[in-house]
Amino acid sequence: MALALAAVCGILASEWGWLHANGTWFLLGTTALLAAALLSGRAWLLPPACLMVFAFVHATRIDETYGHPLRLALQQQEGPVQATVRGSLLPEYDSTADGRAHALCETQQIEITQSGSAFSQPATLLVRLPKNIPFPGPGVYDLHGMLSLPRPASNPGTFDSQEYALRMGRVARFDVEKLQRAEGGGEVWWCSFLERAERCRQWISHQLGQDLDDDPKTVAVLRAMALGVSAEADDEIEDAFRNSGTLHVFAVSGLHVAMLGAIVLVALGMVGTRRDVSLWLVIFVVFAYAFVTGWRPSASRAAFMVAIYLSSALLDRRSSLENSLGAAALLLLGTDSHQLFMPGFQLSFGVLWLSTIGAAPLLRRFTRFAQLDPFLPPQLASWQQRTSSQCRLWLVRTVCVSLAAWLGSLPFILGHFQAVTPVAVIANCVLVPLSSLCLAATTLSLCAAAVRLTGLQIIFNNLNWCLARAMIVSSAWFAALPGANFHFQPGAVLASSSAPAVWHMLELPRGGSASHLRIGSEHWLFDTGDEAAFRRVLRPYLHSNGVNQVTGVFLSHNDADHIGGLPAVLSTFQAPKIYASAQEPGPRDSSRSPLRRLLDQPHPPSLHGLRTGESIALSEGAAFKVKAQMLHPAPNLPGESGDDRAMVLLLHLGPWRVLWMSDAGWRAEKALCASAADLGCDILIRSQHEDDRAPSAEFLLRARPQLILCGSDPRDAQTALPASLVDHATKHHIPLFDTWTAGSVEVQFDTAELRLSTTRTRQHLTLKPR
């Protein structure tokens, strides 16, 4: 464990630039110190030697990923580039959400067509094969297509696909248009092994669903727990596990691997298998299970932990959990030092280590309450007394271990997910035993299927279904308890900012829109994006900033890309006020549109319809008043498009005026220019009308913004940034920030100045009131 901690320090020192570990002198010094430690037998030399070794290992790993010449060249490009790649392919079965087969390519040669640049340094690329083309098998291929870097995170608190890919050792992404086999060879044995593991995974998935066709949601939970296939799981069920602090039992984790090893060890002991043979079989089973589940990092870490812990008994040595954890950490970090920065690695090792340290004193303190009366000889105790003592002892041990694990996980969960789930202490006492029984039933079902005992398999599957249903109901009940979970981020910009109001415009794909306004301690949403955008962008953003309650939501118009996430907002946050135009929903809107479906529910939420000219006070503070005034749409507005009815709000934030246009297009702009409304603003915030490609020049001159914020997506002509808007901003020297390029935009409003910053491009701007 001491060496593992030294290794962690060395990796962090190399990551943060405290040690320049890739020089020749550093390598020579490391070799000399390590040799001195091993030859002299002085143990105190080993930790600094280990620190320097792992600093060098991580510096080399950084050069292979972050510092790879190909990545540095692609950073200079504005988008994907045409390239030809030669390399060997490995199947990647865990990345097929877009319907295209994926593979990993270990490159031999890369050539960028446009510049003629060639790269011979090996690299790992994530390859997307052409549609309807399966993995072609092992071999060396010539691949032609588009080479690019994954897009970095555009919004705070959201998943950073570029950072994740680099930590996984993948330098870039390659969309293949054409491929042809150059030669045989490649990773033949490894490909064959992965294909057999995938076939085994498909067989297990099929067997777990036998006789359970009428309840696909519960079957999806069973597959998620047994195989880690969480893509099929219902979002609401997954949210319940997450909010109850028991998500680790919902997917394949180290807990499942350890429980499977314990189940196999008990079963082998019951049939009288020799202990050494049992231990070898357990090690084989946990590694086989890790491979069958796709060799996920969580499963592979647990397999190594179990193997190292059990190997001490095979060598007639006393098992030490801390030493086993340290050895497993050294082994895994030695093969890939990037794992240290993965939340799963930190939770697996950190929580288990801290739980081991914390559970012992808790058990010593509370076990005495579960023991028999010390003045009563155990031989004289009745069976009721012994049973009661055993139940109390089980309860004390379970609660103490759960409490220690929760306290150990708290800093990691708070740091990565800004979540606090006090209910997890109790919920895990229920769901972990249920998951153990569920895994045991899964094992028995698969054993029955292997020997073709179909009737027995169906019995075990239905037992498994009952246990899974109990887990689903329990997690939902625990998650619904008052104070079960909340989000907290002391260092968040929104929480620490002294500005009276902060506006954050998020970057959403495909024409979606969502913005967040914080006024003091109150939070308002302006559109929510669709349901997928809420789960992937808006909710992580709000949670990362410690937002637990939303005061109200303004809905621009009845468009799923803008308000499709409203039902999820209502279920996540308690009863926010909902404001929309009195013209919504439109008379021709489909019954399947978001507002129609919401209002057709048996108990629909209250919708406040706003009329043209109506104002709403968002803050009554004497020093910094905030109100919203609706300027559009007017009654009987011509135009059949929903975008023509998009709400236009003029927000007064102290001395600042913000004009929120959403998707309002040319017709809305002409109607506003024809009205008597004062359109002058400091900031113009807009998205793209589905048909109108050019904004009205008259409207832009009437608005006279100091700053324009625009949501766009160049992958679709309907949502691309209009060239006429760019020309107008350039001609009149108006700063224009496009979320596709700049990422999400934050604006802090103060009485004396306005401060803007962008997420991706790290730009900053300060404006003064007119």
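On a predicted model such as this, the values are computed, not experimentally measured, just so you know.

(A) How the structure looks around the overall build of the chain. Scanning the chain for helices and strands turns up 25 helices and 24 strands. Computed over the C-alpha atoms, the radius of gyration of the chain is 30 Å, within 12% of the 27 Å expected from 2.2 N^0.38 for a compact globule of 770 residues. Each principal axis of the C-alpha distribution contributes one length, and for the chain these read about 90 × 70 × 55 Å. Out of the 770 residues in the chain, the part that is buried amounts to 48%. When contacts within the chain are restricted to residue pairs at least 6 apart in sequence, those whose partners lie at least 24 apart make up 68%. Summing over all exposed atoms, the chain offers an accessible surface of approximately 36300 Å²; the carbon and sulfur share of this is 59%. One finds the centroid of the 61 positive side-chain charges in the chain at a distance of 6 Å from the centroid of its 63 negative side-chain charges.

(B) Geometry of the sheet that holds strand β19 (residues 683–686). The strand order β15-β16-β17-β18-β19-β20-β21 describes an open sheet built from 7 strands, whose pairing is mixed. The open sheet terminates on both sides in strands that have one partner only, identified here as β15 (615–619) and β21 (736–738). If you compare each strand with its neighbour and ignore which way they point, the axes differ by 20° on average. As judged from the 4 bridges shared by β19 and strand β20 (residues 707–710), these two strands associate in the parallel manner. By the bridge assignment for β20, Arg686 is matched with Cys710. Sheet strands touched by helix α22 (residues 666–674): β16 (626–632), β17 (648–653), β18 (656–662) and β19. Its angle to β16, the strand with the most contacts, is close to 105°. Here helix α24 (residues 723–731) sits on the sheet and contacts β19, β20 and β21; the angle it forms with β21, its principal contact strand, is near 145°.

(C) Fine view of the packing of aromatic side chains. In this structure the tally under the stated criterion is 15 aromatic pairs. When the centroid spacing of 5.8 Å and the interplanar angle of 35° are considered together, the rings of Trp524 and Phe554 count as tilted. Of this pair, Trp524 sits in strand β11 (residues 522–528) while Phe554 sits in strand β12 (residues 552–555); the two residues are 30 residues apart in sequence, bridging distant segments of the chain. Accessibility expressed as a relative area gives 3% for Trp524, which makes it buried.

(D) Examining a nonpolar patch on the surface more closely. Taken together, the side chains of Val451, Leu453, Leu456 and Ile459 make up a nonpolar region of the molecular surface, amounting to roughly 370 Å² of accessible area. Topologically, Val451 is positioned in the loop between α15 (424–450) and α16 (454–479).

(E) Region of interest: the pairing of β19. Here β19 shows two buried faces, one formed by Ile683 and Ile685 and the other by Leu684 and Arg686. By the bridge criterion, 4 bridges tie β18 to β19 in an arrangement that is parallel. Looking at β19, one finds that Ser662 is bridged to Arg686.

(F) The arrangement of the pattern of salt bridges in detail. Per the stated rule, a full pass over the model turns up 25 salt bridges. Linking Arg242 and Asp239 is a salt bridge whose minimum nitrogen-to-oxygen distance equals 2.8 Å. With Arg242 and Asp239 both in helix α8 (residues 235–243) and 3 residues apart, this pair spans about one turn of that helix. Judged by relative accessible area, which is 12%, Asp239 ranks as buried. In this structure, Arg535 and Glu531 form a salt bridge, with 3.7 Å as the shortest nitrogen-oxygen distance. Pair noted here: Arg535 and Glu531 are both in helix α18 (residues 531–544), with a separation of 4 residues, about one helical turn. Residue Arg535 is classed as buried on the basis of its relative accessible area, which comes to 17%.

(G) Representation of α18. Helix length check: α18, at 14 residues, gives a terminal C-alpha distance of 18 Å against a target of 20 Å (1.5 Å per residue), a fit within 8%. The largest bend in α18 amounts to roughly 35° and is located at Leu538, with the proline Pro540 lying one to four residues further along. Burial runs high along α18: 10 of the 14 residues are buried. By the burial criterion, the buried members of α18 are Ala533, Phe534, Arg535, Val537, Leu538, Arg539, Tyr541, Leu542, His543 and Ser544. Of the residues flanking the start of α18, the one acting as N-cap is Asp530, its side-chain oxygen 3.3 Å from the backbone nitrogen of Ala532. Positioned one or two residues after α18, Gly546 has a phi angle of 70°, which is positive.

(H) Representation of the nonpolar core. Of all hydrophobic cores here, the largest spans 34 residues; its most connected members are Trp503, Phe526, Phe554, Leu618, Leu709 and Phe749. Setting aside residues up to four positions removed in sequence, Leu618 forms contacts with Leu517, Ile519, Glu522, Trp524, Phe526, Phe554, Val626, Lys627, Ala628 and Leu651. Ile110, Phe119, Leu126 and Leu194 belong to the second largest nonpolar core, which has 30 residues in total.

(I) Looking closely at the sheet that holds strand β13 (residues 577–581). Read from one edge to the other, the open sheet built from 9 strands follows the order β14-β13-β12-β11-β10-β9-β22-β23-β24, with strand pairing classed as mixed. Whereas interior strands pair on both sides, the edge strands pair on one side only; in this sheet they are β14 (607–610) and β24 (764–767). Pairs of neighbouring strands in the sheet enclose a mean axial angle of 20°, with direction left out of account. Along the sheet, α18 makes contact with β9 (501–505), β10 (514–519) and β11, crossing β11 at roughly 165°.

(J) Highlighting unusual backbone geometry. Cis geometry marks the peptide bond from Glu584 to Pro585, where omega comes out at -10°. Looking at the element boundaries, Pro585 is found in the loop between β13 and α21 (594–599). Following His632, the chain continues into Pro633 via a peptide bond in cis, with omega recorded as 10°. Positive phi, close to 55°, is recorded for Asp316, a residue that is not glycine. Looking at the secondary structure, you find Asp316 in the loop between α11 (297–314) and α12 (321–335). One non-glycine residue, Arg510, lies in positive phi territory at about 55°. Turning to its location among the elements, Arg510 is positioned in the loop between β9 and β10. According to the relative accessible area criterion, Arg510 is partly exposed, its value standing at 45%.

(K) View of the state of the cysteines. The full count for this structure, using the stated rule, is 0 disulfides. Unpaired in this structure, Cys673 has its nearest cysteine sulfur neighbour in Cys681, at a distance of 12 Å.

(L) Inspection of the environment of Gly680 at higher detail. Along the chain, Gly680 turns up in the loop between α22 and β19. Taking the C-alpha atoms as reference points, Gly680 and Arg657, separated by 23 residues in sequence, lie 7.6 Å from one another. If sequence neighbours within four positions are ignored, Gly680 has contacts with Leu650, Arg657, Arg702, Ala703 and Arg704.

(M) Just the side chain of Asp527, in detail. Positionally, Asp527 belongs in strand β11. With no salt bridge to any partner, buried Asp527 finds its closest opposite charge in Arg645, at an N-O distance of 12 Å. Here the side chain of Asp527 touches Ser556 through a polar contact of 2.7 Å, side chain to side chain. For Asp527, the residues in contact, after removing those within four places along its chain, are Ser513, Ala514, Ser515, Phe554, Leu555, Ser556, His562, Ile563, Trp660 and Ser662.

Thresholds applied
All residue numbers refer to position in the chain's written sequence, counted from 1. Given that the model is predicted, a residue must reach a pLDDT of at least 70 before its local features are reported, and side-chain atom pairs must reach 80 or more before they are shown or counted; all residues, however, enter totals for whole chains, interfaces and linings. Only heavy atoms go into the side-chain values, all of them from the structure, while hydrogens and water stay out. A run of H or I in DSSP counts as a helix once it spans at least four residues, and a run of E counts as a strand once it spans at least two, with each numbered from the N terminus. Radius of gyration here uses only the C-alpha atoms, and the compact-globule reference equals 2.2 Å multiplied by the residue count raised to the power 0.38. Only protein chains enter the accessibility calculation, which uses a 1.4 Å probe. A residue is then buried if its area is under 20% of the maximum for its type, exposed if over 50%, and partly exposed in between. Two residues qualify as a contact provided that any one of their heavy atoms is within 4.5 Å of a heavy atom in the partner residue. Only the protein chains shown count as cover for residues, and the accessible areas themselves come from Shrake-Rupley with a 1.4 Å probe. The positive count covers Lys and Arg only, the negative count covers Asp and Glu only, and His and the chain ends enter neither. Lysine's charge is taken at NZ, arginine's at CZ, aspartate's at CG and glutamate's at CD. In this analysis, strands are considered paired if DSSP registers two or more bridges between them. Axis lines are fitted through C-alpha atoms, for helices just across the contact stretch, and the angle between N-to-C directions can take any value from 0 to 180 degrees. Here the aromatic set is Phe, Tyr and Trp, taking the six-membered ring for Trp, and pairing holds for ring centres within 6.5 Å; pairs whose planes are under 30 degrees apart are stacked, those over 60 apart are edge-to-face, and all others are tilted. Patch construction takes residues with relative accessible area above 30% that form no salt bridge. Like charges are linked within 9 Å, and nonpolar side chains (Val, Leu, Ile, Met, Phe, Trp, Tyr) are linked within 5 Å. For this analysis, a salt bridge means a side-chain nitrogen from Lys or Arg found within 4 Å of a carboxyl oxygen belonging to Asp or Glu. Take the residue count of a helix, subtract one, and multiply by 1.5 Å to get its expected span. Bend is computed residue by residue as the angle between axes fitted to the seven residues ending at the residue and the seven residues starting at it. Here a polar contact is taken to be a pair of N or O atoms separated by no more than 3.5 Å, where protein atoms must pair a possible hydrogen donor with a possible acceptor and residues adjacent in sequence count only if both atoms sit in side chains. As used in this record, nonpolar core signifies buried Ala, Val, Leu, Ile, Met, Phe, Trp, Tyr and Cys residues forming a set joined through side-chain atoms within 4.5 Å. Working definition: a disulfide is two cysteine sulfur atoms within 2.5 Å of each other.

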